[in-house]
Amino acid sequence: MYLSTIGRREHPGGVSKKSFALLGGNVFALGTVSLVTDVSSEMVTAVLPVYLVLGLHLGPAAYGVVDGLYTGATALLRLVGGYVADRVRRRKAVAGLGYAMSAVAKLGLVAAGSSATAIGVVLTADRTGKGLRTAPRDALITLSAPEHMLGRAFGVHRAMDSVGAFLGPLAAVAVLAVAGSATGVEGFDAVFVTSFCIATAGVLLALFVRDHRAPKPPSGTVSLRAAAGLLRGAGVRRLLIAACVLGLATIGDGFVYLLLQDKEDIATGWFPLLAVGTNLGYLLLAAPLGALADRIGRLPVMLGGYGALIAVYLLLLSPLTGWALFALTLGLYGVFYAATDGVLMALAGPLLPEALRTTGIAIVQSGQALAYFVSSVLFGLSWQFWGATTAITIAAGTVLVAVAATFVLLVPRRKARP
Amino acid sequence: MNTRTRVLIAVTGVLTLAAAAVIYVGVAGARNQDTASAGTSGAVTLEGGRLLFRSTADADRGHVSSVSAADPGGARAVSTVSCSRVYAAGGTGICLRPETGLTTYQLAVLDGRLAVTQEIPLVGLPNRARVSPDGKRLAWTVFVTGDSYNGGRFSTRAGTLDLTTDNVEGTLEDFAVTVDGKPYKAADFNFWGVTFTRQPGRFYATMSTGSHRYLVEGDSTARTVKTLRDNVECPSLSPDETRVAYKAAIDGDPAKGWRVSVLDLASGTVTPLAETRNVDDQPAWLDDRTVAYALPRTQGHSDVWAVSADGSGAPRLLIPEAESPAALP
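Keep in mind it's a predicted model, so treat the numbers as computed, not measured.

### Concerning the overall build of chain A
Turning to step 1, where the next piece is worked out: For chain A, the helix and strand inventory stands at 16 helices and zero strands.
Turning to step 2, where the next piece is worked out: The buried share of chain A, reckoned over its 418 residues, is 58%.
Turning to step 3, where the next piece is worked out: For chain A, the share of sequence-separated contacts (at least 6 apart) that also reach a separation of at least 24 residues comes to 85%.
Turning to step 4, where the next piece is worked out: Of the accessible surface of chain A, which amounts to about 16000 Å², a share of 69% is contributed by carbon and sulfur atoms.

### Some details on the state of the cysteines
Residue and element names in this part refer to chain B.
Turning to step 1, where the next piece is worked out: Overall, the coordinates contain one disulfide over all chains when judged by the stated rule.
Turning to step 2, where the next piece is worked out: Here Cys83 engages in a disulfide with Cys95; their sulfurs sit 2.0 Å apart. As the torsion about the S-S bond is roughly -115°, the Cys83-Cys95 disulfide counts as left-handed. Here the residue Cys83 occupies a position in the loop between β3 (77–82) and β4 (85–89), and Cys95 occupies one in strand β5 (residues 92–98), the gap between them amounting to 12 residues. Each member of the pair, Cys83 as well as Cys95, carries the same accessibility label: buried.

### Some thoughts on the packing of helix α7 (residues 150–179) of chain A against helix α1 (residues 3–36) of chain B
Turning to step 1, where the next piece is worked out: Where α7(A) contacts α1(B), the axes come no closer than 7 Å and their chain directions differ by 45°. Classified by the interaxial angle, the pair formed by α7(A) and α1(B) is oblique. In this structure, α7(A) contributes Val175(A), Val178(A) and Ala179(A) to the contact, and α1(B) contributes Val25(B), Ala28(B), Gly29(B) and Asn32(B).

### Side note on the pattern of salt bridges
Turning to step 1, where the next piece is worked out: Inspection of the entire model under this criterion finds 27 salt bridges over all chains.
Turning to step 2, where the next piece is worked out: The residue Arg158(A) makes a salt bridge to Asp138(A) at a minimum N-O spacing of 3.1 Å. A residue pair is termed long-range when its members are at least 10 positions apart, and Arg158(A) in helix α7 and Asp138(A) in helix α6 (residues 116–144) qualify at 20 residues. Summarising the burial analysis for this pair, Arg158(A) and Asp138(A) share the class buried.
Turning to step 3, where the next piece is worked out: It is possible to trace a salt-bridge network through shared partners that takes in Arg85(B), Arg128(B), Arg213(B), Glu233(B), Lys247(B), Asp280(B) and Asp281(B).

### What to know about the nonpolar core
Turning to step 1, where the next piece is worked out: Of all hydrophobic cores here, the largest spans 91 residues; its most connected members are Leu239(A), Ile251(A), Tyr306(A), Tyr313(A), Tyr333(A), Phe379(A) and Val399(A).
Turning to step 2, where the next piece is worked out: Considering each element in turn, this core owes the most residues, 15 residues, to helix α14 (residues 322–351) of chain A.
Turning to step 3, where the next piece is worked out: Those residues in contact with Leu239(A) that lie beyond four places of it in its chain are Leu344(A), Leu347(A), Ala348(A), Leu351(A), Val364(A) and Leu410(A).
Turning to step 4, where the next piece is worked out: With 69 residues, the next largest nonpolar core counts Val50(A), Val110(A), Ala108(B) and Phe143(B) among its residues.

### Some remarks on the sheet that holds strand β25 (residues 316–319) of chain B
All names here are of chain B.
Turning to step 1, where the next piece is worked out: Strand order in the open sheet made by the four strands is β22-β23-β24-β25, with antiparallel pairing throughout. Both edges of this open sheet fall to β22 (284–287) and β25, since each of them pairs with a single strand only. Averaged over neighbouring strand pairs, the angle between their axes works out to 45° when direction is ignored.
Turning to step 2, where the next piece is worked out: Across three bridges, strand β24 (residues 302–308) lies against β25 in antiparallel orientation. Paired with Val304 across the strands is Ile319, a residue of β25.

### So, the sheet that holds strand β17 (residues 224–229) of chain B
Paired through backbone hydrogen bonds, the strands of a sheet run either parallel or antiparallel to each other.
Turning to step 1, where the next piece is worked out: The six strands are arranged β13-β12-β17-β16-β15-β14 (chain B) in an open sheet whose pairing can be described as mixed. Both outer strands of the open sheet, β13 (182–183) and β14 (190–196) of chain B, are each paired with one neighbouring strand and no more.

### A few points about helix α15 (residues 357–386) of chain A
Turning to step 1, where the next piece is worked out: Its 30 residues give α15(A) an end-to-end C-alpha distance of 42 Å, which sits within 8% of 44 Å, the value for a rise of 1.5 Å per residue.
Turning to step 2, where the next piece is worked out: Taken from the residues just after α15(A), Gly387(A) is the one with a positive phi, measuring 90°.

### Overview of a nonpolar patch on the surface
All names here are of chain A.
Turning to step 1, where the next piece is worked out: A surface patch of nonpolar side chains, amounting to about 910 Å² of accessible area, comprises Leu248, Phe373, Val374, Val377, Leu378, Leu381, Phe385, Trp386 and Ile394.
Turning to step 2, where the next piece is worked out: Sorting elements by how many residues they give to the nonpolar patch places α15 first, with seven residues.
Turning to step 3, where the next piece is worked out: Tracing the backbone through its elements, the reader meets Val374 in helix α15.
Turning to step 4, where the next piece is worked out: The partly exposed category is assigned to Val374, whose relative accessible area is 35%.

### Observations concerning the pairing of strand β6 (residues 105–110) of chain B
Residues and elements named next belong to chain B.
Turning to step 1, where the next piece is worked out: With six of six residues buried, β6 is to be regarded as a mostly interior element.
Turning to step 2, where the next piece is worked out: Neither face of β6 is open: one carries Tyr105, Leu107 and Val109, the other Gln106, Ala108 and Leu110, and all of them are buried.
Turning to step 3, where the next piece is worked out: In this sheet, β6 lies alongside β5 in antiparallel orientation, the contact comprising six bridges. Within the sheet, the bridge partner assigned to Ile94 lies in β6 and is Val109.

### Quick notes on α7(A)
Residues and elements named next belong to chain A.
Turning to step 1, where the next piece is worked out: Taking 1.5 Å of rise per residue, 30 residues should cover 44 Å, and α7 covers 43 Å from first to last C-alpha, within 8% of that figure.
Turning to step 2, where the next piece is worked out: Maximum bend of α7: about 25°, positioned at Leu167, with proline Pro169 one to four residues after it.
Turning to step 3, where the next piece is worked out: A positive backbone phi angle near 85° is found at Gly180, which sits one or two residues after α7.

### Regarding the confidence of the model for chain A
For residues with low pLDDT, the predicted coordinates do not support detailed interpretation.
Residue and element names in this part refer to chain A.
Turning to step 1, where the next piece is worked out: The predicted model of chain A has a mean per-residue pLDDT of 82, with 84% of residues at 70 or higher.
Turning to step 2, where the next piece is worked out: Mean pLDDT values over the elements of chain A span from 55, in helix α3 (residues 60–71), up to 94, in helix α13 (residues 298–317).
Turning to step 3, where the next piece is worked out: Note that pLDDT drops below 50 for residues 1–15; the model gives that stretch 32 contacts with residues more than four away or on any other chain.

### Observations regarding the confidence of the model for chain B
Turning to step 1, where the next piece is worked out: Here chain B averages 88 in pLDDT, while 95% of its residues score no lower than 70.
Turning to step 2, where the next piece is worked out: As a predicted assembly, this complex carries a pTM of 0.77 together with an ipTM value of 0.76.

### Quick word on the side chain of Arg137(B)
Residue and element names in this part refer to chain B.
Turning to step 1, where the next piece is worked out: Here Arg137 lies in strand β9 (residues 137–145).
Turning to step 2, where the next piece is worked out: One buried charged residue, Arg137, remains without a salt bridge, the closest side chain of opposite sign being Asp134 at 5.1 Å.
Turning to step 3, where the next piece is worked out: Setting aside its immediate chain neighbours within four residues, Arg137 contacts Arg130, Val131, Ser132, Leu161, Asp162, Phe196, Thr197, Arg198, Gln199, Pro200, Gly201 and Arg202.

### Looking at the pairing of β4(B)
Residue and element names in this part refer to chain B.
Turning to step 1, where the next piece is worked out: The buried count for β4 comes to five of five residues, which makes it a mostly enclosed element.
Turning to step 2, where the next piece is worked out: Residue alternation in β4 divides its side chains into two sets, Arg85, Tyr87 and Ala89 and Val86 and Ala88, and both sets are buried.
Turning to step 3, where the next piece is worked out: Examined bridge by bridge, β4 and β5 share five bridges and lie antiparallel to one another. Bridge pairing in β5 places Tyr87 opposite Ile94.
Turning to step 4, where the next piece is worked out: Linking two consecutive strands that pair antiparallel, namely β4 and β5, is a turn of two residues; a positive phi of about 55° is found at Gly90 within it.

### Considering the packing of aromatic side chains
Residues and elements named next belong to chain A.
Turning to step 1, where the next piece is worked out: Tallied over the full model, the rule gives 10 aromatic pairs over all chains.
Turning to step 2, where the next piece is worked out: Here Tyr333 and Tyr337 contribute two aromatic rings whose centre-to-centre distance is 5.3 Å and whose plane-to-plane angle is 75°, an arrangement assigned as edge-to-face. Placement of both Tyr333 and Tyr337 in helix α14 is noted, with a separation of four residues, approximately one turn of the helix. Comparing Tyr333 with Tyr337 shows no difference in burial state: the two are buried.
Turning to step 3, where the next piece is worked out: Taking the centre distance of 5.0 Å and the plane angle of 50° together, the rings of Phe336 and Tyr337 count as tilted.
Turning to step 4, where the next piece is worked out: When its relative accessible area of 2% is taken as the criterion, Phe336 is described as buried.
Turning to step 5, where the next piece is worked out: Residue Tyr337 is classed as buried on the basis of its relative accessible area, which comes to 18%.

Each value, and the rule that gives it
Counting restarts for each chain: residues are numbered from 1 in the order of the written sequence. Chain letters and ligand numbers both follow the written order, the letters beginning at A and the numbers at 1. Given that this is a predicted model, residues contribute local features only at a pLDDT of at least 70 and side-chain atom pairs are listed and counted only at 80 or more, while totals for whole chains, interfaces and linings are drawn from all residues. Each side-chain value is derived from all of the structure's non-hydrogen atoms; neither hydrogens nor water enter the calculation. Strands here mean DSSP runs of E at least two residues long; helices mean DSSP runs of H or I at least four residues long; both are numbered from the N terminus. Throughout this description, buried means an accessible area under 20% of the type-specific maximum (1.4 Å probe, protein chains only), exposed means over 50%, and partly exposed covers the range between. A contact between two residues is defined here by any heavy atoms of the two lying within 4.5 Å. What sets the accessible areas is the Shrake-Rupley method with a 1.4 Å probe; for residues, cover comes only from the shown protein chains. Criterion for a disulfide: a pair of cysteine sulfur atoms within 2.5 Å. To obtain each axis, a line is fitted to C-alpha atoms, and for helices this fit is confined to the stretch in contact; angles are then taken between N-to-C directions over 0 to 180 degrees. Under this scheme an angle from 65 to 115 degrees is roughly perpendicular, one under 35 degrees roughly parallel, and one over 145 degrees roughly antiparallel; angles in between are oblique. Definition used for salt bridges: Asp or Glu carboxyl oxygen within 4 Å of a side-chain nitrogen of Lys or Arg. As used here, the term nonpolar core means buried Ala, Val, Leu, Ile, Met, Phe, Trp, Tyr and Cys residues forming a set that is joined through side-chain atoms within 4.5 Å. Pairing between two strands requires that DSSP report at least two bridges joining them. The span expected for a helix works out to 1.5 Å for each residue beyond the first. A patch consists of residues whose relative accessible area exceeds 30% and which take part in no salt bridge; residues with like charges are grouped when within 9 Å of each other, and nonpolar side chains (Val, Leu, Ile, Met, Phe, Trp, Tyr) when within 5 Å. Fitting axes to the seven residues that end at a residue and to the seven that start at it, the angle between those axes gives the bend at that residue. Values of pLDDT, ranging from 0 to 100, describe the predictor's confidence in every residue of the model. Two residue types count as positive, namely Lys and Arg, and two as negative, namely Asp and Glu; His and chain ends fall outside the count. Ring pairs shown here join Phe, Tyr and Trp side chains whose ring centres sit within 6.5 Å, with only the six-membered ring taken for Trp; geometry is labelled stacked below 30 degrees between planes, edge-to-face above 60, and tilted in between.

Dropping the structure here:
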């Protein structure tokens, strides 16, 4: 695969409904599994803080300990999962194991009772499942759609995923309304059990996902040495560097929402709704922007997405207030996600040899996640020491530099080396 | 596996799972319905000689209840009022409860007959509640969290209400802070676990910044807060106002759990109490010699235990199926 093909408009064609019909059932099957699974996991995410604090009366620090376990568990496992999936050539099985682990973890929450340690262990298992499944699933998507349709494929998948994330909290509130939340933990247990049932249904729906098991590659094709060798290829290396640079330029949703809240002094009860606004933008735009990426090139769409991120930061610095600020900021933030998240994977897929595609995707995702973590910490510190205005200005400047760097790194070269 | 078999397995499985979920939710709902209608109106008052608490018994979970201080294991009076947290002193009660659905909470001020006299919307998840000895000031702590989208990070806010002026202080974070005698500014201040003194405007609380969790002394009139000591969480002032009972992180590390301890404010002496189990609660003084606290047993169930404040003896079970204890002298 040559770098020169990355951004090129290869198969011009309309963004019509027909073009989505060509995607093939597998992308929709994977999307359905993600949708159902996300309903299940976002149900739990929505009620977990309430459950820990009101249901179990965990104090501030115990909550922090549980939360630390929750977030720190996945990066390395994603790489392991990716490598194993390539090694045994069973991407569907590894992804399915991940989905199943997260499903069982929902029942684990009921069994863990009020022990903070047990809850921490269960949540770690849940995150582990998520870490295991992400890279094999994305690799399957790249193998399930023709290359010139990858933008659409990821767009459709991410849109379906977001619909699940959107419905999850609503499902949780509905269960609590029926089961009664005011007096005890039964209501929360009902949410967890329902979430388990939905997650298991998601695993069952994976029956309709076809695995792509190419003939066994020659021995040595999938080895740690070969995985490391991925990085020797200039294309993959450039993409990884670009993903990390762009990760460094992203400050984290929490900060964006906190800055909005800081600027407008809205009640904290509205806080979760900010994420709903972004999600709505994401789910509406993911498929169209994916199709646009197939049409005009993935790189311009991705860089345009980061342009939207700069606009978000500038809005946070601007004198604009009120509903216009919220609508524009959240809308553009949704554009940023829709134009970057799936599109990056669509960029990565064709660059990676099929035998090592899951490993490669896992490396890119982990690199980006790590960079993202570093940038969140740095942004938190600069906010604390220099104040919000300076911190956002630096962040906006960083995105600008990152966009320029990415352009230089990934722009199609006329004379690509084989 | 052919498509027919797949469809059959999937349809059967999904239907079975849907049925299981519906039945489970229905049963849970029916059980909570019974609990919601429990209690007798007027059965509980804030008059003296009794211990007030939140029941965790299956039959009347969440209902504000009381027992005789002289016979805490004896007959319980159960009210119709439901709270997530409750406390009372000086004839005033504080009840933290969900408002509607999942996302909003409120603080209800209760009079001596548990009638609601005032409601204040709370932003965040309510956690700690206290009333000043004279019943004129109330304090609460809420967790302020986003959700999965901000990585689940949380912070706490402590607020106070002065019933004589109706002044609500939504957060203590705007107060002028001095750490070890020096003025100090930070973005990561978190306050929780307020406990009042008899002196107007004065209180103690926990303030965290960085990796420290300080005992602070505050003044609502001057709007100042100063640190007294590190590693003191959820303080509770003794009735004679000479000591503070609190939860001390073992080896200063909350991950290792907490030990109920008592700090002598004049001498700075710390006495770990005889309770060796992990206590994650703001303790409550029953009198100058005894400290009470809740210990969770199994999911949703707690017991209130009591232990001597001088570090001697052994903990004893005070009220089974109870939490949020408050002595009504």
